[in-house]
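# Understanding the architecture of this molecule
What follows is the residue order along each chain.
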Amino acid sequence: MPPWARLRPQTTPMAETTSGTSRFGACPITDGGTPVERWTEWDHGLAPLNLHDCPGMTVIAPHPDDETLGLGATMATLCNAGVDVQVVSVSDGGAAYPGLTDSARAELEDVRRAELRRSLHVLGASDPIPLSMPDGELSQHEQWLTSRIVQLLSVFPAGRWCAATWRGDGHPDHEVVGRAAAAAAARTEAVLIEYPVWMWHWATPGDPAVPWNRARRVELTDDALNVKAIAAESFSSQTRPTPDREAVLPPAVLQRLLAIGEVVFV
């Protein structure tokens, strides 16, 4: 079973955090996740997010590819408009495949760093700021991560947007990054927006576990969505199977992430 298939929220949401989102543990996604057609046919009625209000954005990604899969078209739109977009890669993604030797893990991290740089160049963004924190162990370093994000945001005027994975996304690393970014944004007067990644696989339209009242849909052009799809091709270490292991992002999972557009929680 590939890593993505082990992610699903608990049946009953836990108590909500102060931000109003729910946190979930990890347990299996059944039947490959929510069919993409359920999302694309959903008459969601979500209010649009006004990107013209964004003076600049720092995107916090737990692993290389989260920023592209969750917010790539938005990033491309902002970059094309001349808005500064800075990407912070919290981990180098070395734990994408279990059981790797230290040398194999280091090799995978090198590959994923290079994939991320290629993706960001396609999107129009500059090279990322790597934090090289331990993939899969971010919960042990949440306080340090919060302080580091505060440092990165403090060099900008108040009001800069800070985009991070949603605190209820279902992946422990994603939730840690979301909590750390929320705390850092509060300390620096940055504007927090949260982008889901794994939510699209375990949730369903109108799911009560999702704070739809805070959801905003980003209005994106076909060109921006096409740029995102091209950028996503950079992550071949995650999308292509090998003789001894399945892809982390099988075709159905990748299709879902590319077909649904982009939604954030504000």
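The subject of this paragraph is the side chain of Asp 135. With respect to the secondary-structure elements, Asp 135 resides in the loop between strand S4 (129–133) and helix H4 (142–154). For the buried residue Asp 135, which engages in no salt bridge, the nearest side chain bearing the opposite charge is Arg 112, 4.7 Å off. In contact with Asp 135, other than residues within four places in its own chain, are His 63, Ser 91, Gly 93, Gly 94, Ala 95, Ala 96, Arg 105 and Asp 173.

Quick look at the packing of aromatic side chains now. This structure, assessed with the given rule, holds 6 aromatic pairs. Ring plane angle 50° and centroid distance 6.2 Å describe the contact between Trp 39 and Trp 212, whose orientation is recorded as tilted. Taken together, the residues Trp 39 in helix H1 (residues 36–40) and Trp 212 in the loop between helix H6 (199–202) and strand S7 (215–218) connect sequence positions 173 residues apart. Each member of the pair, Trp 39 as well as Trp 212, carries the same accessibility label: buried. Ring geometry for Trp 42 and Trp 212: centres 4.8 Å apart, planes at 65°, overall edge-to-face. With Trp 42 in the loop between H1 and strand S1 (47–49) and Trp 212 in the loop between H6 and S7, this pair connects stretches of sequence that are 170 residues apart. A cation over a ring is seen here: Arg 160 above Phe 156, with NZ or CZ 3.6 Å from the ring centre.

We now examine the nonpolar core. Core analysis: the biggest nonpolar cluster contains 55 residues, and Met 57, Val 59, Met 75 and Met 199 have the highest contact counts within it. The dominant element in this core, judged by the number of residues it contributes, is helix H2 (residues 66–80), at 7 residues. Dropping the residues within four chain positions of it, Met 199 is found in contact with Trp 39, Trp 166, Asp 169, Val 210, Trp 212 and Phe 265.

Bringing H2 into the picture now. Here H2 contains 15 residues, and its C-alpha end-to-end distance of 20 Å stays within 8% of the 21 Å for a straight helix at 1.5 Å per residue. Along its length, H2 shows its largest kink, about 80°, at Gly 72. Most of H2 is tucked away: 13 of the 15 residues are buried. Taken from the residues just after H2, Gly 82 is the one with a positive phi, measuring 85°.

On to the confidence of the model for the protein chain, then. Overall, the prediction assigns the protein chain a mean pLDDT of 89, with 88% of residues at 70 or greater. Counting interchain partners and residues more than four positions distant, the pLDDT-below-50 stretch residues 1–28 has 72 contacts.

Thresholds applied
Residues numbered from 1 in each chain as written. Predicted model: local features only at pLDDT ≥ 70, side-chain atom pairs only at ≥ 80, totals over all residues. Heavy atoms only, no water. Helix = DSSP H or I, 4+ residues; strand = E, 2+ residues; numbered from the N terminus. Buried < 20%, exposed > 50% of the residue type's maximum accessible area, 1.4 Å probe, protein only. Lys, Arg positive; Asp, Glu negative; His and termini not counted. Salt bridge = Lys/Arg side-chain N within 4 Å of Asp/Glu carboxyl O. Contact = heavy atoms within 4.5 Å. Phe/Tyr/Trp six-rings, centres within 6.5 Å; stacked < 30°, edge-to-face > 60°. Lys NZ or Arg CZ within 6 Å of the ring centre and 35° of its normal. Core = buried A, V, L, I, M, F, W, Y, C linked by side-chain atoms within 4.5 Å. Expected span 1.5 Å × (residues − 1). Bend = angle between axes of the 7 residues up to and from the residue. pLDDT = per-residue confidence, 0-100.

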